[in-house]
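# Analysis of the macromolecular model
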Amino acid sequence: MGPIEFEANNWMWSGGFYSHLFGIGGILLTTLILISTGYFNAFGAPFPALYWPHLGLLYKNKGKKRRPVRVYMDGCFDLMHYGHANALRQAKSLGDELVVGVVSDEQIVANKGPPVLSMEERLILVKGLKWVDEVIPDAPYEISEEFMNKLFNKYNIDYIIHGDDPCLLPDGSDAYASAKKVGRYKQIKRTEGVSSTDIVGRILSSMKKGDCNENHEEKNHSANSDSFKTNMSDFLPTSHRIMQFSNGKGPLPNSRVVYIDGAFDLFHAGHVEILRSAKKLGDFLLVGVHDDQVLSEKRGRHAIMHLHERSLSVLACRYVDEVIIGAPWEVSKDMIATFNISVVVHGTVSENNCEAQTDPYAIPKSMGIFQTIKSPRDTTTLSVAKRIIDNFEAYKQRNKKKKVSEDRYYSEKAFVAGD
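As annotated in an unreviewed UniProt entry, the chain carries the name ethanolamine-phosphate cytidylyltransferase and is attributed to Rhynchospora pubera. The heading Sequence similarities (unreviewed entry) in the UniProt record of the chain holds the text "Belongs to the cytidylyltransferase family."

Take a look at the structure:
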């Protein structure tokens, strides 16, 4: 029997209860007290205190606080999208603390092909997700036995997480075989309707149509783009998914509400940084995401990701408190009053290359609540897309290789329970 915390039971010997320990009733009461304190557990008697909650005399375990369950998930997180965010959300639900490994550029080149985003950009994106507690840069693509033991011993990882889609090394072996062998592997459900491979295809298809206004690229690559043409999106948005990504909290009556709007297409490091800067100006960050039709009319090109995909990416950002899905192009006085907006902000780097007929911020400017903030990065959706176009052949080969494994996954796909 372990040591009994007598200080927790000093009331047994105090004058107020001393007389209760005599007579037959007192003997019965004493017996129940000893059971509730775990006294008889020394003899193998299974008498947990919770069997007698009505007594109000229960011994409460003052043991050490339970160590948080730490889970690990890795990935390339190239062309970060809501599927990545949902995977990490699911991983976090399997533990208390989520540690994320971001695979190195060299490992991505060796196993997949050239990454679109740099390690710095991918780290900013992963750290910007609300479910991530810790990040390990330059993680290996394979969970080798050596790296697995490092996770267990140095980072105190309890479980290693991956989606239900296979992750194979160039030799065809399972990248997570070691974790599965020792029983420290858990699986989550892959988010349907999006992948980095699919997004690359969308970008090339958009370039073919001239949506990104890169006429020289359109001329050079339009003949080769047919093999990449994909449906714009297979994602089926649900209210449940939006609730999972949402904070579920509104601003307090005295909160300083900051409003910023945009397309937030191909959610990138520049978006994360400007949202972080905006959040510093108040207590509650409200983000307006323009719908597909508005972007097409005002900017003269279609968004690569559709409205609900872009909204989920913004909702997943740790600096964002609420999103207006399909926000109006112009910020009206009624909108400012409805959401109790204190300040409207806009960055110095803009995706809008077309001359606007009207100033969308005219009203907040007239009210003296408009503020321009310096964009921490000059990254734009077009600059990210152009990286792919400028390296067309390399990404053509990368997509071709990845498409084979993705087609196999979907042809063998079965229902997987999960969230």
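The next thing to look at is the sheet that holds strand S2 (residues 97–103). As summarised here, the arrangement of the five strands in space is S3-S2-S1-S4-S5, forming an open sheet in which the pairing is parallel. This sheet does not close on itself; its edge strands, each paired only once, are strand S3 (134–139) and strand S5 (185–188). Sheet twist, expressed as the average angle between the axes of neighbouring strands with direction ignored, equals 30°. Taken together, the four bridges between strand S4 (residues 159–163) and S5 define a ladder with parallel strand orientation. Across the sheet, residue isoleucine 160 finds its bridge partner in S5, namely tyrosine 185. Packing against the sheet, helix H5 (residues 119–127) makes contact with S2 and S3, and its axis sits at approximately 165° to S2. Against the sheet, helix H6 (residues 145–153) contacts strand S1 (70–75), S3 and S4, and its axis sits at roughly 120° relative to S4.

Scanning the entire structure with this criterion turns up four aromatic pairs. With 6.0 Å between their ring centres and 65° between their planes, tyrosine 72 and phenylalanine 147 make a pair best called edge-to-face. Here tyrosine 72, found in strand S1, pairs with phenylalanine 147, found in helix H6; they are 75 residues apart in sequence, far enough to count as distant. As far as burial versus exposure is concerned, tyrosine 72 and phenylalanine 147 are alike and both buried. Between tyrosine 176 and tyrosine 185 the ring centres are 5.9 Å apart and the planes differ by 50°, which places this aromatic pair in the tilted class. Of the two residues, tyrosine 176 and tyrosine 185, both sit in the buried class. The aromatic ring of phenylalanine 152 is capped on one face by arginine 184, whose charged end is 3.8 Å from the ring centroid.

It is worth spelling out empty space enclosed by the protein at this point. Summed over the entire model, instances satisfying the criterion amount to three cavities of 30 Å³ or more. The space that makes up the largest cavity amounts to roughly 50 Å³. Forming the walls of the largest cavity are Met80, His81, Tyr82, Ala85, Leu125, Leu129, Phe267, Ser313 and Ala316. Class assignment of the residues belonging to the lining of the largest cavity gives a composition of seven nonpolar, two polar and no charged. If you trace the second largest cavity, you find it lined by Met80, His81, Ile199, Phe264, Leu266, Phe267, Met305, Glu309, Arg310 and Ser313.

The rules behind these values
- Just so you know, the residues in each chain are numbered from 1, in the order the chain's sequence is written.
- It should be noted that, the model being predicted, local features are given only for residues of pLDDT at least 70 and side-chain atom pairs only at 80 or more, the latter also being counted only at that level, while totals for whole chains, interfaces and linings use all residues.
- Excluding hydrogens and water, the side-chain values take into account all heavy atoms of the structure.
- UniProt positions are given in the numbering used here, feature names are shortened, and annotations may be inferred rather than shown by experiment.
- A pair of strands is labelled paired if DSSP reports no fewer than 2 bridges between them.
- Helix and strand assignments come from DSSP, with helices taken as H or I runs of at least 4 residues and strands as E runs of at least 2, each series counted from the N terminus.
- For helices, the fitted line uses only the C-alpha atoms of the stretch in contact; every axis is such a line through C-alpha atoms, and the angle between N-to-C directions lies from 0 to 180 degrees.
- Residues are treated as being in contact if the distance between any of their heavy atoms lies within 4.5 Å.
- Pairing of aromatic side chains requires ring centres within 6.5 Å, counting the rings of Phe and Tyr and the six-membered ring of Trp. Pairs whose planes differ by under 30 degrees are stacked, by over 60 edge-to-face, and all others tilted.
- Burial classification: accessible surface area is computed with a 1.4 Å probe over protein chains only, and a residue below 20% of its type maximum counts as buried, one above 50% as exposed, and the rest as partly exposed.
- Our definition puts a charge over a ring when NZ of Lys or CZ of Arg is within 6 Å of the ring centre and also within 35 degrees of the ring normal.
- For cavity detection a 1 Å grid was placed over the protein atoms alone, and a set of points counts as a cavity when a 1.4 Å probe fits there but cannot get out; an open set counts as a pocket when protein lies on both sides within 12 Å along at least five of seven lines, with lining residues being those that have an atom within 4 Å of a point.
- Grid points are joined across faces, edges and corners, and a volume is the space filled by probe spheres set on the points.
- Charged means Asp, Glu, Lys or Arg here, nonpolar means Ala, Val, Leu, Ile, Met, Phe, Trp, Tyr, Cys or Pro, and polar covers whatever is left, Gly included.

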